[in-house]
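Close look at the chain arrangement
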Amino acid sequence: MTKKIVSILFLLFHFISFSQNPNLSKKATVSILTCGRGNELYTTFGHTAIRIKDSINNLDVVYNYGAFDFRTENFYLKFVKGNLQYFINASSYEDFMFEYQSEKREVVEQTLTFSLVKKQELFDLLNASLFSEERSYTYKFIDKNCTSMTVDKINKIIGTELIQKVDDKSISYRELLYPYFENHFYYKLGINIIFGAKTDCKAEKLFLPVELMHSLDKAKFDEKPLVTKTETIVKGAELDSSFSFVNSIYFIITLLILIAITNKKPIFLTYLFIAGLFGLFISLVGFYSLHKEVLWNYNALLFNPLFLILPFLRSEWFRKITIVCLTMIVIYIVIMITKPHLWMMMPFIIANSYMLFKLLKKAK
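Residues numbered from 1 in each chain as written. Predicted model: local features only at pLDDT ≥ 70, side-chain atom pairs only at ≥ 80, totals over all residues. Heavy atoms only, no water.

Attention shifts here to the packing of helix α10 (residues 265-288) against helix α12 (residues 342-363). Running from N to C, α10 and α12 point in directions that differ by 135°, and their axes come no closer than 10 Å. Regarding the angle of α10 to α12, the classification is oblique. As α10 packs across α12, the resulting crossing turns out to be left-handed. On α12, the residues that touch Lys-265, Phe-268, Leu-269, Tyr-271 and Leu-272 of α10 are Phe-348, Asn-352, Tyr-354, Met-355, Leu-356, Lys-358, Leu-359 and Lys-362. A breakdown of the residues in the contact of α10 with α12 according to their chemical character gives nine nonpolar, one polar and three charged. (Axes fitted to C-alpha atoms, helices over the stretch in contact; angles between N-to-C directions. Helix = DSSP H or I, 4+ residues; strand = E, 2+ residues; numbered from the N terminus. Parallel < 35°, antiparallel > 145°, perpendicular 65-115°, else oblique. Left-handed = near helix turned anticlockwise from the far one by under 90°. Contact = heavy atoms within 4.5 Å. Nonpolar A, V, L, I, M, F, W, Y, C, P; charged D, E, K, R; others polar.)

In structure tokens form, the structure reads like this:
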């Protein structure tokens, strides 16, 4: 505890008194901490942080570009909008590790082979960010997050794009994210519905913590491996993988079957109206949000906003709009043939088509 307090006070003292950073000793080390996944949604993809340790100066600080404040005014609206501000913070190593140790989330440390000059440059750069406009940045799921910011800082002090993605670039972002939701069906369903065409592009950007860990292993600096030592500091516990009927696609299928077998027009129209509301949301959020991941969302062809007007149409117009909706579902199926989440959307495709056909038949 004393070492933790001394470490933070040491930094603050130098900033306040001398407006400059302390000089690191030859024993100083720079390492990247790759933190494993958790059960909460915001911990699904893990985390990346930078650790600078100097035993001579009693310094052991972790710089974290993934900090945000839940107390921010209109937090959720700003998150959806895409202008929520994340920021860098510095904490003692003990404080940073407490959460991961208590939750038994894996933490892997990779020590980097930097000269003392480069270590000092990175140390100065990170501390400058803490007390400047660079402290905050606008979070972007793929383009700007804790991992990409870490990569940018390291590449900046080296003066070249040293760290490059080495994992598979031929798969899409959507395919890349799939394994992260294995035990969270509704997270997976929600992400695949809300994300649009951009996530079907090839995953060429390095933005996930585990990808950075793999890239560091392959990187070389001055013709030597960039990573001198890799150590697992916290051995992660297995995430809950027990089967839950409610948290599975089988629960969705059961609900849709129950709705379908009622064969009641009011129930069908109520279901389609709710689906239309959701379709209206995913259509409008693409215009409202600055997140490119939600633009051009073809899922609106399945959860069609036109469903909203079906209960209020009569006769010929009802038949025409119903046929238009069925045609859009056919287009949606064509788009989805090569998509990895086709099987997940299939119950909705079948249910929506079935109800529209039934309503069309009754209209005749």
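We now examine helix α11 (residues 315-336). The terminal C-alpha atoms of α11, which comprises 22 residues, lie 32 Å apart, in line with the 32 Å expected from a rise of 1.5 Å per residue. Considered for burial, the residues of α11 that qualify are Phe-318, Ile-321, Thr-322, Cys-325, Leu-326, Ile-329, Tyr-332 and Met-336. Buried positions in α11, seen along its axis, are confined to an arc of 145° and lie on one side of it. In α11, those exposed residues whose orientation departs by more than 90 degrees from the buried face are Trp-317 and Val-334. Elements in contact with the buried residues of α11: α10 and α12. (Expected span 1.5 Å × (residues − 1). Buried < 20%, exposed > 50% of the residue type's maximum accessible area, 1.4 Å probe, protein only. Arc of directions from axis to C-beta.)

Tallying each qualifying case throughout the model produces 18 aromatic pairs. With a centroid separation of 5.5 Å and 50° between ring planes, the pair formed by Phe-141 and Phe-195 is classed as tilted. Here Phe-195 lies in the loop between α7 (185-194) and α8 (209-218) and Phe-141 lies in the loop between β6 (136-138) and α5 (146-158), a separation of 54 residues in the sequence. When sorted by exposure, Phe-141 lands in the same class as Phe-195, which is buried. (Phe/Tyr/Trp six-rings, centres within 6.5 Å; stacked < 30°, edge-to-face > 60°.)

Most of strand β1 (residues 29-35) is tucked away: six of the seven residues are buried. Where β1 lies against strand β2 (residues 47-54), seven bridges are found, and the strand directions are antiparallel. Of the residues in β2, the one forming a bridge with Thr-29 is Lys-53. Bridging between β1 and strand β5 (residues 107-112) involves five bridges; their strand directions are antiparallel. Bridging from a neighbouring strand, Ser-31 pairs with Thr-111 of β5. (Pairing = 2+ DSSP bridges.)

Of the residues in the protein, 92% reach a pLDDT of 70 or more, and the chain-wide mean stands at 88. Taken together, the stretch residues 12-19 has pLDDT below 50 and engages in eight contacts with residues farther than four places along the chain or on a different chain. (pLDDT = per-residue confidence, 0-100.)

Further remarks concern the environment of Leu-84. Structurally, Leu-84 is set in the loop between α2 (75-81) and β4 (85-92). Accessibility expressed as a relative area gives 3% for Leu-84, which makes it buried. Leu-84 sits 179 residues away from Asn-263 along the chain, and the two C-alpha atoms are 45 Å apart.

It is worth spelling out empty space enclosed by the protein at this point. Going through the model one piece at a time under the given rule, you end up with one cavity of 30 Å³ or more. Size it by volume and the largest cavity reaches roughly 40 Å³. If you trace the largest cavity, you find it lined by Arg-174, Leu-177, Tyr-178, Phe-181, Ile-191, Asn-192 and Phe-195. For the lining of the largest cavity, the elements supplying multiple residues, two or more each, are α6 (173-177) and α7. Tallied by class, the residues present in the lining of the largest cavity amount to five nonpolar, one polar and one charged. (1 Å grid on protein atoms, 1.4 Å probe; cavity = no way out; pocket = protein on both sides within 12 Å on 5 of 7 lines; lining within 4 Å. Points joined across faces, edges and corners; volume = space filled by probe spheres on them.)

Note on placement: Cys-35 falls in strand β1. A residue is classified by how much of its surface remains accessible, and Cys-35, at 3% relative accessible area, is buried. Sequence-wise, Cys-35 and Lys-358 are 323 residues apart; in three dimensions their C-alpha atoms are separated by 51 Å. If we ignore the near neighbours within four places in the chain, the residues touching Cys-35 are Gly-46, His-47, Phe-96, Tyr-100, Glu-106 and Val-107.

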